Amino acid sequence: MAEGAVVAGDPRVSELRGAVSRLRRALAGHPAPLPDRDAAEDELAALDAMARAGDPEISRLRRSLLLVAGAVGSVSALSPTLSDLRTAVDRFAAPTTPDDRVPPPREIT
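What you see is a predicted model, and the numbers here were worked out from it, not measured in a lab. (Residues numbered from 1 in each chain as written. Predicted model: local features only at pLDDT ≥ 70, side-chain atom pairs only at ≥ 80, totals over all residues. Heavy atoms only, no water.)

Caption draft 1: Focus on the packing of helix 2 (residues 37–53) against helix 3 (residues 58–72). One way to put it is that helix 2 packs onto helix 3 with a least axis distance of 9 Å and a crossing angle of 155°. Here helix 2 is positioned roughly antiparallel relative to helix 3, judged by the angle of their axes. Classified by chirality, the crossing of helix 3 by helix 2 is left-handed. In this structure, helix 2 uses A40, E43, L44, A46, L47 and M50 to contact helix 3, whose residues at the interface are R60, L61, R63, S64, L67, V68, A71 and V72. A class-by-class count of the residues in the contact of helix 2 with helix 3 yields 10 nonpolar, one polar and three charged. (Axes fitted to C-alpha atoms, helices over the stretch in contact; angles between N-to-C directions. Helix = DSSP H or I, 4+ residues; strand = E, 2+ residues; numbered from the N terminus. Parallel < 35°, antiparallel > 145°, perpendicular 65-115°, else oblique. Left-handed = near helix turned anticlockwise from the far one by under 90°. Contact = heavy atoms within 4.5 Å. Nonpolar A, V, L, I, M, F, W, Y, C, P; charged D, E, K, R; others polar.)

Caption draft 2: The arrangement of the side chain of R37 in detail. Along the polypeptide, R37 turns up in helix 2. No salt bridge is formed by the buried R37; its nearest oppositely charged neighbour, E41, is found at 4.5 Å. Side-chain polar atoms of R37 contact the backbone oxygen of H30, separated by 2.9 Å. Filtering out sequence-adjacent residues up to four positions away, R37 remains in contact with L27, A28, H30 and A32. (Buried < 20%, exposed > 50% of the residue type's maximum accessible area, 1.4 Å probe, protein only. Lys, Arg positive; Asp, Glu negative; His and termini not counted. Salt bridge = Lys/Arg side-chain N within 4 Å of Asp/Glu carboxyl O. Polar contact = N/O pair within 3.5 Å; in protein donor to acceptor, adjacent residues only side chain to side chain.)

Caption draft 3: Fine view of the environment of R62. If you trace the backbone, R62 turns up in helix 3. Residue R62 is classed as partly exposed on the basis of its relative accessible area of 34%. A sequence separation of 27 residues divides R62 from V89, and the C-alpha atoms of the two residues are 6.9 Å apart. Setting aside residues no more than four positions away along its own chain, R62 makes contact with V89, D90 and A93.

Caption draft 4: Here's a closer look at the pattern of salt bridges. All chains considered together, the criterion is met by 10 salt bridges. For the salt bridge of D48 with R17, the shortest nitrogen-to-oxygen distance reads 3.1 Å. Taken together, the residues D48 in helix 2 and R17 in helix 1 (residues 11–29) connect sequence positions 31 residues apart. Linking E43 and R63 is a salt bridge whose minimum nitrogen-to-oxygen distance equals 4.0 Å. Remark: R63 occurs in helix 3 and E43 occurs in helix 2; sequence separation between them is 20 residues. Using a relative accessible area of 11% as the deciding quantity, one classes E43 as buried. Judged by relative accessible area, R63 falls into the partly exposed class, the value being 45%.

Rendered as structure tokens:
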């Protein structure tokens with residue numbers, strides 16, 4: 001199994017589905033017209049479908065998150081639920097090891 005692979009009962013999937021659901025409800029209840037509301041709703045549906053399938057692709061999750069953030073990111077009332085979605089998507093990223101970190105800049109002498 002690949003590193004970062006999703007297994008049955010993975011709590012990250014439940015967290016992602018919950019975050020998607022909360023943001024969908026918040027977006028549906030937001031009274032102001034948003035020019036990109038349809039795009040956000042489409043991407044939230046795609047995120048939910050990926051989570052239900054149980055094997056979300058990290059790059060696709062991040063792309064959907066970017067599209068949703070671009071569509072609703074300036075609406076402060078949606079910020080907490082958008083932040084929850086970002087956290088849920090970030091949990092699918094492969095764990096960082098010391099070798100993956102960017103080394104500190106070298107001192108020039």
